[in-house]
Amino acid sequence: MKEQILIRITGKDRIGLTASIMDILARYDAQILDIGQADIHSSLSLGILIRIAGENSGQVMKELLFKATELGVNIGFEPVGEDEYEEWVARQGKNRYILTIIARTLSARQISAVARIIAEEGLNIDSIKRLTGRMSLKGEARSVRSCIEFSVRGNPQNEDMHAHLMKISSEMGIDFSFQKDNMYRRMRRLICFDMDSTLIQTECIDELAKRAGVGEQVQAITEQAMRGEIDFKESFTRRVALLKGLDASVMQDIAEHLPITEGVDRLMYVLKKYGYKIAILSGGFTYFGEYIQKKYGIDYVYANELEVGEDGKLTGRYVGEIVDGARKADLLRLIAQTEKVNLAQTIAVGDGANDLPMISQAGLGIAFHAKPRVVANARQSINTIGLDGVLYFLGFKDSYLGEVGKI
Ligand SMILES: [Mg+2]
């Protein structure tokens, strides 16, 4: 007769603890059905489910108890019946999801709200992991960030789970992503960024307009477009026309002073290091896109080309096809095809309404410090920290990143 016993060990972690416990189990030829360990602040919680010959179980538990006392940890035993065990095995086919939450600092109030939603959906939490590094109490406020990843199992029972998460996200200042935990999530390959107000903290057209002395006129057209009175193509054509006569050499000066968004250096370094293909898909201008491309070694840039006359001045016209929202989504698909990447392995990040088509098409679409309408239509968003927050949605831990250099 075989028996199943669940062994629970808690206490202060120390090197060699698992080895000494396993030595005893090995001597009695126990079969390991399940094993898991969590460490929180040097305190360990280890669970082992064993199957062992009934005649040995008393002796094994006695020896384990003795060893635990010697090691200064707590130990407990619980018999598990065969039916109960088989029921547990049968549950393994259920869907798994990863819920990631990010904020500068996370409070119990925020986590309680998230945990409440998980419970209301009838989802079971399998594990909880901190992805950010250990936080010093003396850390600088600006560099502080906190990210926790919940691995959950089951099928969400309410259709409005996303809406609930969105609500607490805006009320409590947390960012979240809720992704199916499958191989696509672990093997994203292509990431497409909007440029203006995403990779850089400005709109290049406004910078050019200021230099051309037409800042206010350009702004007025932008506002008309935002009110939906004119479409993107018309507003773009009219704004570019206002730049006529501006010396093209100002573009270099603007490019050299572009305010790069917080977290971009770290994000690009890591994405390159791990072999992601990176694209800029921008409704802005090629000149600046190419400048950023060189700076970070980005693979693709698609944006709008300003026409420069023989006199070295902007003609007020553009060359070729305008990159608008629909074109961005087409380009994402085309680059994915070229790179032989499944759409589920793509990521799109942007802040504007013209980013929504690519955001909704990508496997992982992220609204970044975006307008409310964009946030409302994206599956996930980042509003609380810099652009390197994307790395947490990809499952990167700060401790992995430490291995690739000081970043
Ligand atoms: Mg933008």
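Enquirer: Please clarify how the overall build of the chain should be interpreted in this entry.
Expert: When you go through the chain residue by residue, the secondary structure sums to 17 helices and 15 strands. Relative to the 2.2 N^0.38 estimate, which gives 22 Å for 407 residues, the radius of gyration of the chain is 27 Å and therefore markedly larger than a compact globule would have. Here the C-alpha coordinates of the chain stretch approximately 95 × 40 × 40 Å along the principal axes. The burial tally for the chain puts 32% of its 407 residues in the buried class.

Enquirer: Please clarify how the pairing of strand S5 (residues 96-103) should be interpreted in this entry.
Expert: Sheet faces and side chains relate simply in a regular strand, where the side chains alternate between the two faces. Here S5 lies mainly inside the structure; six of its eight residues are buried. When S5 meets strand S7 (residues 146-153), the two strands line up antiparallel, connected through eight bridges. Directly across from Leu99, in S7, lies its bridge partner Phe150.

Enquirer: Help me understand the sheet that holds strand S6 (residues 124-130), please; the structure alone is not making it clear to me.
Expert: By definition, the strands of a sheet pair up through backbone hydrogen bonds, in either a parallel or an antiparallel sense. If you walk across this open sheet you meet the four strands as S6-S7-S5-S8, and the pairing is antiparallel. In this open sheet, the two edge strands, each paired with only one partner strand, are S6 and strand S8 (175-180). Taking each pair of neighbouring strands and ignoring which way they run, the sheet shows an average axis angle of 20 degrees. Looking at chain direction, S6 and S7 are connected through six bridges and run antiparallel. Its bridge partner lying in S7, Ile128 is registered against Phe150. Lying on the sheet, helix H4 (residues 108-120) is in contact with S5, S6 and S7; it crosses S5 at an angle near 160 degrees.

Enquirer: Could you clarify how one ought to interpret the environment of Ala344 in this entry?
Expert: Within the element layout of this structure, Ala344 appears in the loop between helix H13 (325-338) and strand S13 (346-350). For Ala344 and Met183, which are 161 residues apart along the polypeptide, the C-alpha to C-alpha distance reads 9.8 Å. Residues in contact with Ala344, not counting those within four places in the same chain, are Tyr184 and Gly363.

Enquirer: Help me understand unusual backbone geometry, please; the structure alone is not making it clear to me.
Expert: Most peptide bonds take the trans form, and the phi angle of most residues other than glycine is negative. The backbone of Asp29 shows a phi angle near 55 degrees, a positive value even though the residue is not glycine. Assignment of secondary structure puts Asp29 in the loop between helix H1 (17-27) and strand S2 (31-40). What makes Asp29 exposed here is the crowd of 9 C-beta atoms within 10 Å.

Enquirer: Just to check I follow, could you spell out the sheet that holds S2 for this structure?
Expert: Strand order across the open sheet formed by four strands is S2-S3-S1-S4, with antiparallel pairing between neighbours. Strand pairing shows two members of the sheet lacking a second neighbour, S2 and strand S4 (74-80), which therefore form its edges. Neighbour-to-neighbour, the strand axes of this sheet turn through a mean angle of 15 degrees, independent of strand direction. Across seven bridges, the pairing between strand S1 (residues 2-12) and S4 is antiparallel. When the bridges of S4 are listed, Ile5 appears paired with Pro79.

Enquirer: When you look at the environment of Cys192 in this model, what are you seeing that I'm missing?
Expert: With respect to the secondary-structure elements, Cys192 resides in strand S9 (residues 190-193). Among the residues examined, Cys192 registers 29 C-beta atoms within 10 Å and is labelled buried. Beyond its immediate stretch of four places on either side in the chain, Cys192 contacts Ala279, Leu281, Leu332, Thr346, Ala348 and Met358.

Enquirer: Explain helix H12 (residues 286-296) here, please?
Expert: Along H12, the positions that sit buried rather than exposed are Thr286, Phe288, Gly289 and Ile292. The buried residues of H12 all sit within an arc of 165 degrees when viewed along its axis, so they share a single face. Residues of H12 that are buried sit in contact with helix H7 (204-212), helix H10 (250-256), strand S10 (277-285) and strand S11 (300-308). Just downstream of H12 lies Gly297, where phi reads positive at about 70 degrees.

Enquirer: For this particular structure, what's the right way to read the nonpolar core?
Expert: Side chains that are nonpolar tend, in soluble globular proteins, to be buried together. Ranked by size, the top nonpolar core spans 82 residues in total, and within it Cys192, Ile280, Leu332, Ile366 and Val390 carry the most contacts. Counting contributing residues per domain, this core is built from domain 2 (94-181) and domain 3 (190-402), each supplying no fewer than three. With near-sequence residues (within four places) excluded, Val390 lies in contact with Leu267, Val349, Ile366 and Ile382.

Thresholds, definitions, all that
- Residues numbered from 1 in each chain as written.
- Predicted model: local features only at pLDDT ≥ 70, side-chain atom pairs only at ≥ 80, totals over all residues.
- Helix = DSSP H or I, 4+ residues; strand = E, 2+ residues; numbered from the N terminus.
- Rg over C-alpha atoms; globule rule 2.2 N^0.38 Å.
- Buried ≥ 20, exposed ≤ 12 C-beta atoms within 10 Å, placed from the backbone.
- Pairing = 2+ DSSP bridges.
- Axes fitted to C-alpha atoms, helices over the stretch in contact; angles between N-to-C directions.
- Contact = placed C-beta atoms within 7 Å.
- Arc of directions from axis to C-beta.
- Core = buried A, V, L, I, M, F, W, Y, C linked by C-beta atoms within 7 Å.
- Domains from an automatic or database assignment.

Geometry only, nothing functional implied.
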